[in-house]
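# Inside the fold
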Number of protein chains: 2
Amino acid sequence: MTKVYGCPVEVTLDVLGGKWKTVILRYLSNRALRYSQLQQRMPNITQRMLTLQLKELEEDGLIQRVVFEERIKRVEYSLTEYGKSVEPILELMCEWGKQRMREFNLQVRTMGTSGG
Amino acid sequence: MTKVYGCPVEVTLDVLGGKWKTVILRYLSNRALRYSQLQQRMPNITQRMLTLQLKELEEDGLIQRVVFEERIKRVEYSLTEYGKSVEPILELMCEWGKQRMREFNLQVRTMGTSGG
DNA sequence: CGGTATCCTATGTGATACTG
DNA sequence: CAGTATCACATAGGATACCG
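In this convention, every chain numbers its residues from 1, walking through the sequence in written order. Chains and ligands are labelled by the order in which they are written, letters from A for the one and numbers from 1 for the other. pLDDT decides what is reported in this predicted model: residues at 70 or higher carry local features, side-chain atom pairs at 80 or more are listed and counted, and totals for whole chains, interfaces and linings draw on all residues regardless. For the side-chain quantities, the full set of heavy atoms in the structure was used; hydrogens and water were omitted.

If you check an unreviewed UniProt entry, chain A appears there as Helix-turn-helix transcriptional regulator from Paenibacillus sepulcri.

Below is the structure:
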């Protein structure tokens, strides 16, 4: 049942494609984040989607999920070493997107990507 | 009705996302190609999809469509200057995809991406 | 040759309620 | 807090026939 690709970019798109994964990865690119912290940064994602995408990213080896059994449960997601290898792609995509936004006057809901 | 993005990578994904666009762009990255030549290189795409994706890429300013009114109609697609600005992204995606293929033993229907 | 038109299915995504 | 489960909907993508 191994899927056959016509071009290597398809492989990459299989892993990074869809509405949310690149965004999630970019947030995790800065630092490890909890489930709830990702939610805050992505107000428009549903819990279902967040859970689903995180699971797929984990299965694809890009992120790791660590559970801290404290008084209140805490789960942190972070990039694996392998996951870090997509950072250059994300970086380029982000720069290209910013440039396009400038040229076409598109808008971003700025929510302090800045200082942190 | 202007769409608002939460992260610039979404902008890029709006333009490059989906099953076919990056593949098309990579083929056009080498040289201009005719409609039928693209079809040959992508045996699995339907005419509907090819037409649709080409039209969207054109509307997004990445490719241009030139009609040659010869004895038989000929239409060539090629990257615009703006379209060439995505080449670094495609290149990285391709390299990353190849690496992943090696690591996970995935397959590509090799059809002379090589010298040609 | 380079498309359109029409119909259909699969997948992706969202809303909402519920849980250990 | 960090999820699941279920249902519903929109969009992406495919099959097929036809057109200038």
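### Regarding the relation of the copies chain B and chain A
Alignment of copies: least-squares fit on C-alpha atoms of residues with pLDDT of at least 70 in both copies. Mapping chain B onto chain A calls for a rotation angle of 180° and an axial translation of 0.0 Å; the resulting RMSD is 0.0 Å. Here the copies are linked by what is in effect a two-fold axis. Interface residue correspondence from chain B to chain A reaches 100%, placing this contact among same-surface, isologous pairings. Here a residue-residue contact requires only that any non-hydrogen atoms of the pair lie within 4.5 Å.

### Regarding the interface of chain B and chain A
Where interface size is quoted, it is often the accessible area lost as the parts come together. Residue-level contacts link 41 residues of chain B with 41 residues of chain A. The working definition used for a salt bridge is a side-chain nitrogen of Lys or Arg within 4 Å of a carboxyl oxygen of Asp or Glu. Taken together, the connections running from chain B to chain A amount to 2 salt bridges. Counting of polar contacts relies on pairs of N or O atoms within 3.5 Å, with two restrictions inside protein: one atom must be capable of donating a hydrogen and the other of accepting it, and residues adjacent in sequence are counted only when both atoms are side-chain atoms. At the boundary of chain B with chain A, the tally comes to 12 residue pairs in polar contact (both at pLDDT 80 or more). For helices the rule is a DSSP run of H or I covering at least 4 residues; for strands it is a run of E covering at least 2, with both sets numbered from the N terminus onward. If you list the elements that add at least two residues to the side of chain B that touches chain A, you get β1 (4–5), α1 (8–16), α2 (21–30), α6 (87–104) and β5 (107–108) of chain B. With 13 residues, the single largest contributor to the side of chain B that touches chain A is α6 of chain B. Three classes are used, and their members are as follows: Ala, Val, Leu, Ile, Met, Phe, Trp, Tyr, Cys and Pro are nonpolar, Asp, Glu, Lys and Arg are charged, and the others, Gly among them, are polar. Here the residues of the side of chain B that touches chain A are counted per class, giving 25 nonpolar, 8 polar and 8 charged. A pair of strands counts as paired when DSSP detects no fewer than two bridges linking them. In this structure, strand β5 (residues 107–108) of chain A lies alongside β1 of chain B, joined through 2 bridges in parallel fashion. In the strand pairing of β1 of chain B, Q107 of chain A is matched with V4 of chain B.

### Some remarks on the protein's contact with DNA strand D
Think of it this way: one heavy atom of a residue within 4 Å of a molecule or strand is enough to make that residue near it. Surrounding DNA strand D, one finds 18 residues, the nearest of these being Q47, R65 and Y77 of chain A together with K19 and R48 of chain B. Separating a base oxygen of DNA strand D from a side-chain N or O atom of Q47 of chain A is a distance of 2.7 Å. In the model, a phosphate oxygen of DNA strand D is placed 2.7 Å from a nitrogen or oxygen of the K19 of chain B side chain. Broken down by class, the residue content of the surface near DNA strand D amounts to 5 nonpolar, 5 polar and 8 charged.

### So, the pattern of salt bridges
Inspection of every chain in the model, using the stated rule, returns 16 salt bridges over all chains. For K98 of chain A, the salt bridge goes to E95 of chain A, with nearest N and O atoms at 3.6 Å. Of this pair, K98 of chain A and E95 of chain A are both found in helix α6 (residues 87–104), 3 residues apart, which corresponds to roughly one turn of the helix. On the basis of relative accessible area, K98 of chain A is assigned to the partly exposed category, the value being 32%. For K21 of chain B, the salt bridge goes to E56 of chain B, with nearest N and O atoms at 2.6 Å. Placement of the pair is K21 of chain B in helix α2 and E56 of chain B in helix α4 (residues 47–59), with a sequence separation of 35 residues. A relative accessible area of 3% means that K21 of chain B is categorised as buried. Type-normalised accessible area, obtained with a 1.4 Å probe on protein chains alone, sets the label of each residue: buried when under 20%, exposed when over 50%, and partly exposed for intermediate values.

### A closer look at the confidence of the model for chain A
Scored by pLDDT, chain A comes out at a mean of 92, with 93% of its residues at no less than 70. Known as pLDDT, the predictor's per-residue confidence is scaled from 0 to 100. Here residues 112–116 of chain A is a poorly scored stretch, pLDDT under 50, and it has 1 contact once near neighbours within four places are set aside; other chains count.

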